[in-house]
Amino acid sequence: IMACEVKIAAVFHGAELVGGVPVEVSRRFGMSVAAHLPLAPTNSCLVKQTSTACLSKMTSRLLAITDALARFLQSHFDYVILTQDPVFIDIRSFSWLDWRKQILYTYHVEIAKADLANLSSTVRKNIRHAEKSGVTSEISRDFRQAHAPLVSTFVRQGAPLPLSAEQLVAFGERLGDDLVL
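Summarised in this report is the structure supplied together with it. (Residues numbered from 1 in each chain as written. Predicted model: local features only at pLDDT ≥ 70, side-chain atom pairs only at ≥ 80, totals over all residues. Heavy atoms only, no water.)

### Examining the pairing of strand 2 (residues 16-28)
Looking along a regular strand, one sees the side chains alternate between the two faces of the sheet. Taken together, the nine bridges between strand 1 (residues 5-13) and strand 2 define a ladder with antiparallel strand orientation. Looking at strand 2, one finds that F12 is bridged to L17. Between strand 1 and strand 2, which pair antiparallel and follow one another directly, the connecting turn spans two residues, one of which, G14, has a positive phi of 70°. Two elements, strand 2 and strand 3 (residues 31-35), share five bridges in a ladder whose sense is antiparallel. Residue pairing for strand 3: V25 is matched across the bridge by A34. Counted along the chain from strand 2 to the antiparallel partner strand 3, the turn is two residues long, and its residue F29 has a positive phi close to 55°. (Pairing = 2+ DSSP bridges. Helix = DSSP H or I, 4+ residues; strand = E, 2+ residues; numbered from the N terminus.)

### Section: the nonpolar core
Ranked by internal contacts, the top residues of the largest apolar core, which has 20 residues, are L69, L73, V80, L82, F94 and W99. Every element with two or more residues in this core is listed here: strand 1, strand 2 and helix 1 (55-76). The residues touching L69, leaving out its near neighbours within four places in the chain, are A9, A10, V11, G20, V21 and C45. (Core = buried A, V, L, I, M, F, W, Y, C linked by side-chain atoms within 4.5 Å. Buried < 20%, exposed > 50% of the residue type's maximum accessible area, 1.4 Å probe, protein only. Contact = heavy atoms within 4.5 Å.)

### Thoughts on the pattern of salt bridges
All told, the structure shown has five salt bridges when counted by the stated rule. Of the charged contacts in the structure, one is a salt bridge between D67 and R71, with a shortest N-O distance of 2.9 Å. Taken together, the residues span about one helical turn, with D67 and R71 both in helix 1 at a distance of four residues. For D67, a relative accessible area of 22% translates into the label partly exposed. Here E166 makes a salt bridge to R144, at a shortest N to O gap of 3.5 Å. Of this pair, E166 sits in helix 5 (residues 165-175) while R144 sits in helix 4 (residues 143-156), and the two are 22 residues apart along the sequence. Residue classification places R144 among the partly exposed residues on the basis of a relative accessible area of 44%. (Salt bridge = Lys/Arg side-chain N within 4 Å of Asp/Glu carboxyl O.)

This is the structure we're talking about:
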């Protein structure tokens, strides 16, 4: 695939394939690296569905598979980048092995068309509050305008903002149509 070396870390239970993760293998700065595949948004852990209805058995099975994957990747590569699919929410196996984690999910929902009945009451309340407060979303190329909300977010989280407004604008211009706010 695009002149890269693709490997699949697989987990077997006896002779049955029960899980795995595809990675692009490379060397960067003298380190062995396992990262996402080119042109693929994720390289998420894949786990074979089970027929059991018992939640604790499903959870134990998932944790055993992801633990095996995490241990294998950790022992065979100096640096690993996994981009989990948003439906893959249980990353405890990676946390227990002290992997650095960043949860970066982006959702764009058309509220007028969305079925909010399946959401929790807290989420529905937050959505109603946002609507009443006039919160809207739009696609924009004005990176200077986006800087103020970023500053507020970083201040609220007690973290230093990594980019000035000018740097964000330059970043946006350099990436062109590949970056949208």
